[in-house]
Amino acid sequence: MLVLGIESSCDETGVALYHSERGLLAHRIHSQIAMHTEYGGVVPELASRDHIRRVLPLTEACLAEAGVTLQDLNAIAYTAGPGLAGALLVGASVANALGFALQKPVIEVHHLEGHLLSPLLAEPRPAFPFIALLVSGGHTQLMAVRGIGQYELLGETVDDAAGEAFDKSAKLLGLGYPGGPALSKLADRGDATRFKLPRPMLHSGDLDFSFSGLKTAVLNLVKQQAALDETTTADICAAFQEAIVEVLVKKCLAALKQTGMQRLVIAGGVGANRQLRAGLNDAAQRRRYEVFYPPLELCTDNGAMIAFAGAMRLKFAEPDYSYNVRPRWDLASLPSVA
Ligand code: KG4
Ligand code: ZN
């Protein structure tokens, strides 16, 4: 079965072709970061308009790369939510229009389910059940995953998401938008012992997170500095990254212990962070847990994870071309594919 996947929930247009026997045949991403940079964040209206410009050329490029035609598709999957309403509408309308024109069924995909299942696009594939840490710009959640659509929320952030904390702290340090990757790069050169930052909710006894205080602590540190030279900036980055990684690693271990599960899956943009990966690998190795990641280029938003999640949900594909996007959508409300 060949599924076309379309992602347009935020600032990346992603298109991909996933074949249930042959795997990922093609995937293309257009990032809007350069366009939004001058505004210091995503401008929703600009995002929607750019998705319109990109989605069909990316689709054509994927079809050409895979050597298939639209007629070869068995279904079309698209991100129906959560995300920016206008941006989601682009993917939803293109997917439904294509489906209607080709008389192929369409599948609504939950963006976070896409992220959550993206490690299954790498080898070796994690078997169910597993603990998933979803760490993106919008979400920080720990879930117990027992199968496709069997998601139990164990804990989540009570304020900022981990990626948001990276981005906001990076902005305070003058590192631009989205500053997560830049902050992480500078942190590699910094001295993490020079400044001490808090580990919010490390000992809260539950699996929730809080990151807004960490950002405030960075703000206070920045204000205390006579000059924010490169060394000081790198040292603050290193202290910040160490604090956030320690909290994420400890809560993952607590979730594994609490559920008695043996496998941990990391998904979402912050999953690309090298120190987080090193910290998790090290902690897991010592306790004989297994850790799984998506391929690096599939950590941030992409069409491959949407095509894949769509392929897992083929039984819900419908030749019904009325659509409605869901800017807010509870992952735990999805039907199980058992
Ligand atoms: O999953 P994603 O592409 O989008 C959402 O669905 O939110 O994640 C984007 C987030 C941004 O906050 C970005 O700064 C962060 O992931 N990110 C990183 C790294 N790469 C991306 N944060 C820390 N270290 C990285 N290497
Ligand atoms: Zn995402």
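For the structure itself, look to the data block above.
This is a predicted model, so every value here is computed, not measured.

Visitor: Looking at this structure, I do not really get the packing of helix α6 (residues 180-187) against helix α8 (residues 230-259). What am I missing?
Guide: Helix packing geometry: the angle between the two helix axes and the distance between the axes. Between α6 and α8, the least distance of the axes is 7 Å, while the angle of their chain directions is 105°. With respect to α8, the element α6 is oriented roughly perpendicular. Mapping the contact onto sequence places L183, S184, L186 and A187 in α6 and T233, A234, C237, A238, F240 and Q241 in α8. A per-class count over the contact of α6 with α8 returns seven nonpolar, three polar and no charged.

Visitor: Can you walk me through the nonpolar core in this structure?
Guide: Here is a general trend for soluble globular proteins: nonpolar side chains tend to be buried in one another's company. Counting 60 residues, the largest nonpolar core has L4, I6, L17, I76, L116, Y151 and L331 as its most contacted members. Split by domain, this core shows at least three residues from each of two domains, domain 1 (2-116 + 298-333) and domain 2 (128-293). Formed by 52 residues, the second largest nonpolar core is a distinct cluster that contains L133, A170, A187 and L264.

Visitor: I tried to follow the site of ligand 1 on my own but got confused; where do I start?
Guide: As a matter of local geometry, ligand 1 sits amid 19 residues, with G137, D167, G269, N273 and D301 nearest to it. At a separation of 3.2 Å, an oxygen atom of ligand 1 approaches a polar backbone atom of G163. In this structure, G180 approaches ligand 1 through a main-chain N or O atom, which is 3.4 Å from an oxygen atom. Its free accessible area being 560 Å², ligand 1 has 86% of it covered by the protein chains. When residues of the shell around ligand 1 are traced back to their parent elements, those giving at least two are α4 (111-117), α5 (162-172) and α6. A breakdown of the residues in the shell around ligand 1 according to their chemical character gives five nonpolar, twelve polar and two charged. In terms of domain composition, the shell around ligand 1 takes at least three residues from each of domain 1 (2-116 + 298-333) and domain 2 (128-293).

Visitor: Is there a simple way to think about unusual backbone geometry in this case?
Guide: Each neighbour pair has its own omega, and for G81 with P82 the value is -15°, a cis peptide bond. For P82, the position within the fold is in the loop between β4 (75-81) and α3 (85-102). Of the consecutive residues E123 and P124, the connecting peptide bond is found in the cis state with omega at -5°. Backbone geometry places M201, a non-glycine residue, at a positive phi of 60°. Along the chain, M201 falls in the loop between α6 and α7 (212-224).

Visitor: Any chance you could explain the coordination of the zinc ion (ligand 2) here in plain terms?
Guide: When four donors bind a metal tetrahedrally, each ideal donor-metal-donor angle is 109.5 degrees, and when six bind octahedrally, the ideal angles are 90 or 180 degrees. On the protein side, the zinc ion (ligand 2) has H111 (NE2), H115 (NE2) and D301 (OD) as donor atoms, found 2.0 to 2.1 Å from it. Note that the zinc ion (ligand 2) binds four donor atoms; their angles at the metal cover 93 to 137°, and the shape is irregular. Along the chain, the residues that donate to the zinc ion (ligand 2) are spaced as H-x3-H-x185-D. Linking H111 in helix α4 with D301 in the loop between β10 (290-292) and α10 (304-312), this pair joins segments that are 190 residues apart in sequence. By relative accessible area, H111 is classed as buried at 8%. Residue D301 is classed as buried on the basis of its relative accessible area of 12%.

Visitor: Help me understand the sheet that holds strand β9 (residues 263-267), please; the structure alone is not making it clear to me.
Guide: Where strands meet in a sheet, backbone hydrogen bonds hold them as pairs that are either parallel or antiparallel. The mixed open sheet is built from five strands, whose spatial order is β8-β7-β6-β9-β10. Edge strands, defined here as strands with exactly one partner in the open sheet, are β8 (150-156) and β10. On average, each strand axis in the sheet is tilted by 25° relative to the strand beside it, whichever way the strands run. Across six bridges, strand β6 (residues 130-135) lies against strand β7 (residues 140-147) in antiparallel orientation. Directly across from F130, in β7, lies its bridge partner V145. Lying on the sheet, α8 is in contact with β6, β7, β8 and β9; it crosses β6 at an angle near 155°.

About the cut-offs
- Residues numbered from 1 in each chain as written.
- Chains lettered and ligands numbered in written order.
- Predicted model: local features only at pLDDT ≥ 70, side-chain atom pairs only at ≥ 80, totals over all residues.
- Heavy atoms only, no water.
- Axes fitted to C-alpha atoms, helices over the stretch in contact; angles between N-to-C directions.
- Helix = DSSP H or I, 4+ residues; strand = E, 2+ residues; numbered from the N terminus.
- Parallel < 35°, antiparallel > 145°, perpendicular 65-115°, else oblique.
- Contact = heavy atoms within 4.5 Å.
- Nonpolar A, V, L, I, M, F, W, Y, C, P; charged D, E, K, R; others polar.
- Core = buried A, V, L, I, M, F, W, Y, C linked by side-chain atoms within 4.5 Å.
- Buried < 20%, exposed > 50% of the residue type's maximum accessible area, 1.4 Å probe, protein only.
- Domains from an automatic or database assignment.
- Near = heavy atom within 4 Å.
- Polar contact = N/O pair within 3.5 Å; in protein donor to acceptor, adjacent residues only side chain to side chain.
- Areas by Shrake-Rupley, 256 points an atom, 1.4 Å probe, with all protein chains shown as cover.
- Donors = N, O, S within 2.8 Å, 3.2 Å for Na, K, Ca; no water.
- Tetrahedral: all angles 85-135°; square planar, octahedral: opposite > 155°, others 65-115°.
- Pairing = 2+ DSSP bridges.

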